[in-house]
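Chain by chain, the residues:
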Amino acid sequence: MNLVLPEKVEATLKPQEARLDFAVGLYSSGRVTMGTAAEVANLSIPEFQRELGQRRIPIHYGPKDLAEDIQAAREIAGQ
């Protein structure tokens, strides 16, 4: 996908900044997962989480996420 921005906007952004802003917007609106947003931003998940924290954007973590994490931990522990 190619995104064409008005020249005034494009002049104020570096490509990485635009990717990050776009990824944060997608994540904060609930359209993509954190992993996908981090990938769009070309960041690791911990780096993306730090960026969210700096912007005071809450992390989406619900019961389904918790259940998946518990299951993954059990599998790692061999239970």
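For clarity, every value in this text was computed on a predicted model and none was experimentally measured.

The rules behind each value
- Residues numbered from 1 in each chain as written.
- Predicted model: local features only at pLDDT ≥ 70, side-chain atom pairs only at ≥ 80, totals over all residues.
- Heavy atoms only, no water.
- Helix = DSSP H or I, 4+ residues; strand = E, 2+ residues; numbered from the N terminus.
- Rg over C-alpha atoms; globule rule 2.2 N^0.38 Å.
- Contact = heavy atoms within 4.5 Å.
- Areas by Shrake-Rupley, 256 points an atom, 1.4 Å probe, with all protein chains shown as cover.
- Lys, Arg positive; Asp, Glu negative; His and termini not counted.
- Charge placed at Lys NZ, Arg CZ, Asp CG, Glu CD.
- Phe/Tyr/Trp six-rings, centres within 6.5 Å; stacked < 30°, edge-to-face > 60°.
- Buried < 20%, exposed > 50% of the residue type's maximum accessible area, 1.4 Å probe, protein only.
- Core = buried A, V, L, I, M, F, W, Y, C linked by side-chain atoms within 4.5 Å.

J.: Please clarify how the overall build of the chain should be interpreted in this entry.
T.: Counting its regular elements, the chain contains five helices and zero strands. Ordered by position in the sequence, the α and β elements of the chain form the string α-α-α-α-α. A globule of 79 residues ought to have a C-alpha radius of gyration of about 12 Å, yet the chain, at 16 Å, is considerably larger. Projecting the C-alpha coordinates of the chain onto the three principal axes gives extents of approximately 55 × 20 × 20 Å. A separation threshold of at least 6 residues defines the contact pool for the chain, and within that pool the share at least 24 residues apart is 40%. Approximately 6300 Å² of the chain is accessible, and the part contributed by carbon and sulfur atoms is 56%. Separation between the mean location of the 9 positive side-chain charges and that of the 11 negative ones in the chain comes to 4 Å.

J.: I tried to follow the packing of aromatic side chains on my own but got confused; where do I start?
T.: Here the distance between the centres and the angle between the planes together describe a pair of aromatic rings. One pass over the full model with this rule turns up one aromatic pair. Arranged with centres 5.9 Å apart and planes meeting at 90 degrees, the rings of Tyr27 and Phe48 form a pair that is edge-to-face. In this pair, Tyr27 sits in helix H2 (residues 15-28) while Phe48 sits in helix H4 (residues 45-54), placing the two residues 21 residues apart along the sequence. Each of the two residues, Tyr27 as well as Phe48, counts as buried.

J.: I would appreciate a short explanation of unusual backbone geometry in the present structure.
T.: What is expected of a backbone is that most residues other than glycine have negative phi and most peptide bonds are trans. Located in the positive-phi region is Asn42, a residue other than glycine, with phi close to 60 degrees. Summarising the element assignment, Asn42 is placed in the loop between helix H3 (34-40) and H4.

J.: Even after reading the chapter, I still don't get the nonpolar core, so can you show me in this structure?
T.: The nonpolar side chains of a soluble globular protein tend to be buried with one another. Counting 13 residues, the largest nonpolar core has Val24, Tyr27, Ala37, Phe48 and Leu52 as its most contacted members. Elements with a minimum of two residues in this core: H2, H3 and H4. Top element by residues in this core is H2. It accounts for five residues. Setting aside chain neighbours within four positions, we find Tyr27 in contact with Val32, Thr33, Met34, Ala37, Phe48, Leu52, Pro58, Ile59 and His60.

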